[in-house]
Amino acid sequence: MLEGSEARARIGSAHKGRDGRKHHQQQQTSRQRSPGRRMNGAKRASFSHSGFPPSSTLQPETCPKMMLKAALLLGVLVGISQAALQVSISLNKVELSVGESKFFTCTAIGEPVRLEWFNPLGERIVSSKRMTLQTESFRSRLIIYNAIIEDAGIYRCQATDASGHTEEASVVLEIYQKLTFRDVKSPQEFRHSETAEVVCDVISSPVPVVVWYYQDNEITKEYHRRFRVLPNNNLQIHQITKADEGVYRCEASVEARGEINFVDIAVVVNVPPVLSVFQQSFNATADYQESVTFTCITSGSPDPLVTWHRKGKQLEPSDKYIFSRLEGGRSMLTIRNIRQADGGTFSCNATNKAGSQERDLFLKVFVQPHITLLKNVTAVEGSAAMISCVAEGEPLPDISWRRASDGQTFVDGDKSRDGRFEVRGRHGKSVLTIGGVRLSDLGRFDCEAQSRIGGHQKSMFLDIEYIPKFLTNHTIYYSWEGNPVNISCEVMSNPPATMLWRRERFTISEGTPHMQIYGTEGKSVLEVTPMSDRDFGRYNCTARNNIGVRYQEFILAQADVPSNPYSVRLSAVSQRLATVTFMKPDSHGGVPISYYLVQYKELGSIDWRDVKSHSVQTTVVLTGLEPNTTYEVRVAAVNGKGQGEFSHMETFQTLPIREPSPPAVHGQRGMGKAYRLGLVKQDDGGMPIVEYIVKYKTDKEEQWMTKLVPGANDFAMLQPLQWNTRYEVEITARNVKGLSEPTFYQFFMPQKPDITAESLFSGLGLGAVVGLGLGALLLLLVLVDVSCFFLRHCGLLMCITRTLCSKKTATSGKGKEMEEGKAAYLKLPLKEENGKESLKPDTIEIKVHSDNSLHIKPDDSKA
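Basis of the calculations
- Residues numbered from 1 in each chain as written.
- Predicted model: local features only at pLDDT ≥ 70, side-chain atom pairs only at ≥ 80, totals over all residues.
- Heavy atoms only, no water.
- Helix = DSSP H or I, 4+ residues; strand = E, 2+ residues; numbered from the N terminus.
- Buried < 20%, exposed > 50% of the residue type's maximum accessible area, 1.4 Å probe, protein only.
- Contact = heavy atoms within 4.5 Å.
- Pairing = 2+ DSSP bridges.
- Axes fitted to C-alpha atoms, helices over the stretch in contact; angles between N-to-C directions.
- Polar contact = N/O pair within 3.5 Å; in protein donor to acceptor, adjacent residues only side chain to side chain.
- Core = buried A, V, L, I, M, F, W, Y, C linked by side-chain atoms within 4.5 Å.
- Patch = residues over 30% accessible without salt bridge, like charges linked within 9 Å, V, L, I, M, F, W, Y side chains within 5 Å.
- Areas by Shrake-Rupley, 256 points an atom, 1.4 Å probe, with all protein chains shown as cover.
- Salt bridge = Lys/Arg side-chain N within 4 Å of Asp/Glu carboxyl O.
- Phe/Tyr/Trp six-rings, centres within 6.5 Å; stacked < 30°, edge-to-face > 60°.
- pLDDT = per-residue confidence, 0-100.
- Disulfide = S-S within 2.5 Å.

## Here's the deal with the overall build of the chain
Across its full length, the chain carries six helices and 63 strands. Counting over 863 residues, the chain shows a buried share of 36%. Expressed as a percentage of contacts within the chain between residues at least 6 apart in sequence, the contacts between residues at least 24 apart total 60%.

## Here we look at the sheet that holds strand E3 (residues 102-109)
Taken in spatial order, the four strands make up an open sheet running E1-E3-E6-E5, and their pairing is antiparallel. Among the strands making up the open sheet, the edge pair consists of strand E1 (86-89) and strand E5 (131-135). For this sheet, the mean angle separating the axes of adjacent strands, direction not counted, is 15°. Looking at chain direction, E5 and strand E6 (residues 139-144) are connected through five bridges and run antiparallel. Each bridged residue has a counterpart across the sheet, and for Met 131 the counterpart in E6 is Ile 144.

## Observations concerning the environment of Ser 127
Locating Ser 127 in the fold gives a position in the loop between strand E4 (112-118) and E5. Sequence separation between Ser 127 and Ile 143 is 16 residues, and the spatial gap between their C-alpha atoms is 9.2 Å. Not counting the four nearest positions on each side in its chain, Ser 127 is found in contact with Thr 132 and Leu 133. For Ser 127, the side chain forms a polar contact with the main-chain nitrogen of Leu 133, separated by 2.9 Å.

## Focus: the nonpolar core
Grouped together as the largest cluster of nonpolar side chains are 25 residues, with contacts concentrated most on Ile 89, Phe 104, Trp 117, Ile 144, Tyr 155, Leu 173 and Ile 175. When contributions to this core are tallied by element, the ones reaching two or more residues are E1, strand E2 (93-97), E3, E4, E6, strand E7 (153-161) and strand E8 (166-176). Sort the elements by how many residues they give to this core and E8 lands first, with four residues. Ignoring anything within four residues of it in the chain, the contact list for Ile 144 reads Glu 100, Ser 101, Lys 102, Phe 104, Arg 130, Met 131, Asp 151, Tyr 155 and Leu 173. By size, the runner-up hydrophobic cluster in this structure holds 23 residues, among which are Phe 181, Val 198, Val 263 and Val 267.

## Looking at the side chain of Asp 342
Checked against the element boundaries, Asp 342 lands in the loop between strand E24 (330-335) and strand E25 (344-352). On the basis of relative accessible area, Asp 342 is assigned to the buried category, the value being 8%. Looking at Asp 342, its side chain comes within polar contact range of the side chain of Lys 320, at 2.6 Å. A distance of 2.8 Å separates a polar side-chain atom of Asp 342 from the backbone nitrogen of Arg 339.

## Focus: a nonpolar patch on the surface
Taken together, the side chains of Val 770, Leu 774, Leu 777, Leu 780, Leu 781 and Val 784 define a hydrophobic patch exposed on the protein surface, amounting to about 550 Å² of accessible area. Checked against the element boundaries, Leu 781 lands in helix H4 (residues 766-791). The exposed category is assigned to Leu 781, whose relative accessible area is 52%.

## Focus on the pattern of salt bridges
This model, assessed by the stated rule, comprises 27 salt bridges. Between Lys 242 and Glu 245 there is a salt bridge whose closest N-O contact spans 3.1 Å. On the accessibility criterion, Glu 245 (27% relative accessible area) is partly exposed. With a shortest N-O distance of 3.0 Å, Glu 259 and Arg 257 are connected by a salt bridge. Given the relative accessible area of 31%, Arg 257 is considered partly exposed.

## Section: the packing of aromatic side chains
As enumerated under the stated definition, the model contains 13 aromatic pairs in all. When the ring of Tyr 214 is compared with that of Tyr 248, the centres are 4.2 Å apart and the planes differ by 15°; the resulting orientation is stacked. One end of the pair, Tyr 214, is in strand E13 (residues 209-214); the other, Tyr 248, is in strand E17 (residues 246-254), with 34 residues separating them in the sequence. Since its relative accessible area comes to 10%, Tyr 214 is described here as buried. Clustering of aromatic rings is evident, with ring pairs tying together Phe 282, Phe 294, Trp 308 and Phe 346.

## Considerations on the pairing of E17
Two faces belong to every sheet, and in a regular strand the side chains alternate between them. Across six bridges, E13 lies against E17 in antiparallel orientation. Within E17, the position partnered with Tyr 213 by the bridge is Arg 249. Bridging between E17 and strand E18 (residues 259-277) involves nine bridges; their strand directions are antiparallel. Its bridge partner being in E18, Val 247 is matched across the sheet by Ala 266. Where E17 folds back on E18, the antiparallel hairpin that results is connected by four residues, among which Gly 258 adopts a positive phi of roughly 65°.

## Quick word on unusual backbone geometry
The omega torsion of the bond from Ser 205 to Pro 206 falls at 0°, within 30 degrees of zero and hence cis. Assignment of secondary structure puts Pro 206 in the loop between strand E12 (202-203) and E13. Along the chain, Ser 301 connects to Pro 302 via a cis peptide bond; the corresponding omega equals -5°. At Glu 504, a residue that is not glycine, the phi angle is positive and equals roughly 50°.

## Overview of the sheet that holds strand E52 (residues 675-680)
Whether parallel or antiparallel, the strands of a sheet pair through hydrogen bonds between backbone atoms. Spatially, three strands are ordered E51-E52-E55 in an open sheet, and the strand pairing comes out antiparallel. Edge positions in the sheet fall to strand E51 (664-669) and strand E55 (715-718), since each of these pairs with one other strand and no more. The mean inter-strand angle of the sheet, taken between neighbouring strand axes irrespective of direction, is 20°.

## A closer look at the environment of Pro 656
Within the fold, Pro 656 resides in the loop between strand E50 (650-653) and E51. A C-alpha to C-alpha distance of 9.6 Å links Pro 656 and Arg 576, two positions 80 residues apart in sequence. Once you skip the residues sitting within four places of it in the chain, Pro 656 turns out to touch Gln 575, Pro 627, Asn 628 and Gly 685.

## Considering the confidence of the model for the chain
Overall, the predicted model of the chain reaches an average pLDDT of 82, with 82% of residues at or above 70. Counting interchain partners and residues more than four positions distant, the pLDDT-below-50 stretch residues 1-64 has 42 contacts.

## Things to note about the state of the cysteines
Per the stated rule, a full pass over the model turns up five disulfides. Between the sulfur atoms of Cys 106 and its disulfide partner Cys 157 the distance amounts to 1.8 Å. Its torsion about the S-S bond being -90°, the disulfide of Cys 106 and Cys 157 is classed as left-handed. Residue Cys 106 is found in strand E3, and its partner Cys 157 is found in strand E7; the two are separated by 51 residues along the sequence. Cys 106 sits in the buried class, given a relative accessible area of 0%. Across the chain, the way the bonded cysteines pair up, counted in sequence order, is 1-2, 3-4, 5-6, 7-8, 9-10.

Spelled out as structure tokens, the structure:
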């Protein structure tokens with residue numbers, strides 16, 4: 001196929017040839033047709049001027065002449081007809097698109113001996129697969145199959161008669177190319193960053209106008225600087241990127257024919273592989289069934305194919321090599337059961353259509369340090385201890401020591417400041433020497449073998465044996481005859497010590513009178529019950545192990561009673577009370593003080609009254625004293641041995657009886673129109689409070705209302721009060737001596753609340769609410785029983801009625817009252833609050849009528 005410009009050139013030349021031949025043909029046709037015209041005129045002339053008379057004028061004698069003339073005329077006409085050869089083609093001008101087929105029929109008039117067709121180049125056409133001739137005696141058909149651009153031009157049909165005379169006719173064949181996209185591939189792939197040329201091979205005649213679109217937008221130089229439409233209609237993209245990937249539309253149109261078509265081309269940008277590794281070098285220890293995983297991270301488009309290579313050969317999956325691929329382009333090679341021969345270089349190769357990339361990874365295989373010898377060591381306190389640690393590995397590791405108790409480390413060549421710790425090592429062996437071992441050195445020591453590829457650590461325990469050490473400084477114990485005492489001897493030793501008790505060179509055994517021995521590991525208790533003075537004295541505790549023996553002496557002293565307390569003082573003295581304070585005695589007699597005994601009596605009396613302190617407190621309160629009375633008081637300390645001497649005697653006098661102090665008051669709203677005043681008793685003046693005089697009034701009234709409250713009560717209930725009113729209260733306490741000063745108090749009664757279930761139960765405690773609930777349940781049961789009595793003649797009330805009806809007295813009267821519609825009344829009291837009825841029993845009245853209806857009548861007359 002010719003390109004568009006070449007096709008247009010050939011079509012133009014075809015038209016020029018067609019026009020020249022057309023002019024020549026017109027001249028020949030005029031020459032050929034002029035004899036015809038002359039012949040026609042002659043014929044007309046022969047018919048009009050032949051000299052033959054009209055048929056009406058013919059006479060019989062003239063017939064032979066006429067026949068002769070007719071014969072002559074027929075010969076002339078035959079000659080003329082043999083000379084008038086004519087050719088015509090069914091079509092004069094045809095437009096045909098490339099690829100279409102067409103036939104042309106050429107017809108000859110006369111006596112043609114040959115009909116031939118000539119192409120636009122003047123060449124005689126011979127039948128072929130694409131151009132076929134079908135010729136008869138006076139007709140020839142030219143068939144053109146699958147026309148091409150080169151077929152355009154003037155085709156001539158030439159007829160030749162026996163005398164060699166030729167006549168011809170022509171037809172103009174104009175061939176145009178439809179819009180045709182030739183082998184446009186989709187997708188078209190390009191390499192990232194290269195200059196891409198998206199091919200859109202489109203042909204037509206005339207040359208089409210091509211426009212490119214991307215994402216429904218026309219590609220223009222103004223907005224797409226990297227894009228350019230080439231003269232061959234291809235789209236050039238400079239330095240194409242992944243962002244340029246997508247579907248591009250190549251649209252071609254021919255304005256002259258209004259023809260338009262498009263093709264969508266998918267552009268794929270292949271990005272060369274980019275390969276990275278998190279870690280390039282790996283260490284592994286041989287012969288420990290370890291595994292190492294290499295990781296390559298790849299990116300690219302399309303996804304690269306990752307292969308692993310070693311020593312120029314591609315690795316294949318096996319028990320030794322495990323391949324895996326994860327999201328994010330991570331490809332992993334796991335090498336199992338590492339051996340020393342596995343060390344070396346491994347290659348990760350990533351390949352796709354755009355290219356390939358390779359990275360090397362390195363595996364270093366070493367023999368990890370391993371401690372082969374480290375044992376526990378036992379040393380005697382004060383001696384030297386040598387601890388050895390042997391390790392192997394490739395390369396040989398460095399050995400260090402660490403003391404677990406404080407974290408201190410020692411390496412080869414180290415020596416502590418006090419010179420007790422020293423480390424010496426060579427060829428994988430290290431010796432830690434500890435001179436003058438102390439108990440503080442007891443514990444764990446860590447040996448660590450370390451090389452540049454790893455480490456190994458083991459621990460040992462340094463055990464220290466030492467002579468027994470006594471743990472207690474309490475060596476003096478007190479007791480008295482008949483009182484057992486435990487003498488405790490505690491010892492620390494390694495190995496454990498055996499313990500013995502001695503007294504005056506004699507060993508105390510289990511059968512020794514008045515003595516018992518109880519022992520646990522590291523502790524022995526001697527229980528002594530002294531029965532005479534001989535049991536008091538020195539006792540010896542002996543502790544022995546294979547390191548040595550130690551002794552500790554204990555003294556069992558005879559206990560005494562405490563000395564006397566001192567600095568006795570009296571404070572907070574009132575009519576009935578007095579507080580005694582004192583200082584502890586200087587000596588408790590060897591035995592802890594159990595309590596203090598305080599004795600007091602009236603001056604001149606011989607009868608002492610005793611008061612014991614609480615435990616060993618040095619403050620005691622005396623109660624039940626008489627007012628305006630002089631008392632004597634003394635204090636003694638008491639321990640297990642007995643009571644010590646009394647302190648110096650002190651004298652004090654209680655206060656005389658007087659009027660009570662004003663009471664303290666606090667208020668709280670009561671139920672309904674009531675207000676509760678809490679009374680807190682103060683100093684009663686030495687005599688009980690007889691009563692509280694409570695006077696109250698509104699702030700707008702002058703007259704006081706008085707309420708007397710027994711002195712034993714701790715509250716006063718003021719009722720009934722007025723709503724929305726402020727009250728003033730004056731409270732005075734009275735004893736036999738007189739009245740206290742008044743205490744003043746004010747409170748405010750709020751507005752009358754709505755009677756709701758919430759306000760009714762808000763002031764009640766849990767018990768009152770439960771009681772009210774039970775009362776309501778009882779009331780409901782009664783109502784149900786009454787209903788059953790009237791409606792169904794059953795229930796408890798019906799049983800009682802029948803029982804009563806069995807007695808002829810009173811039953812007829814009750815039945816008559818029920819029949820006459822007289823109401824039966826049930827009166828139920830509400831629960832009490834704090835021992836007082838908040839509402840009287842007749843406050844709520846439930847009335848059952850004879851028509852079985854209920855009427856509940858609350859009584860609002862009382863608050």
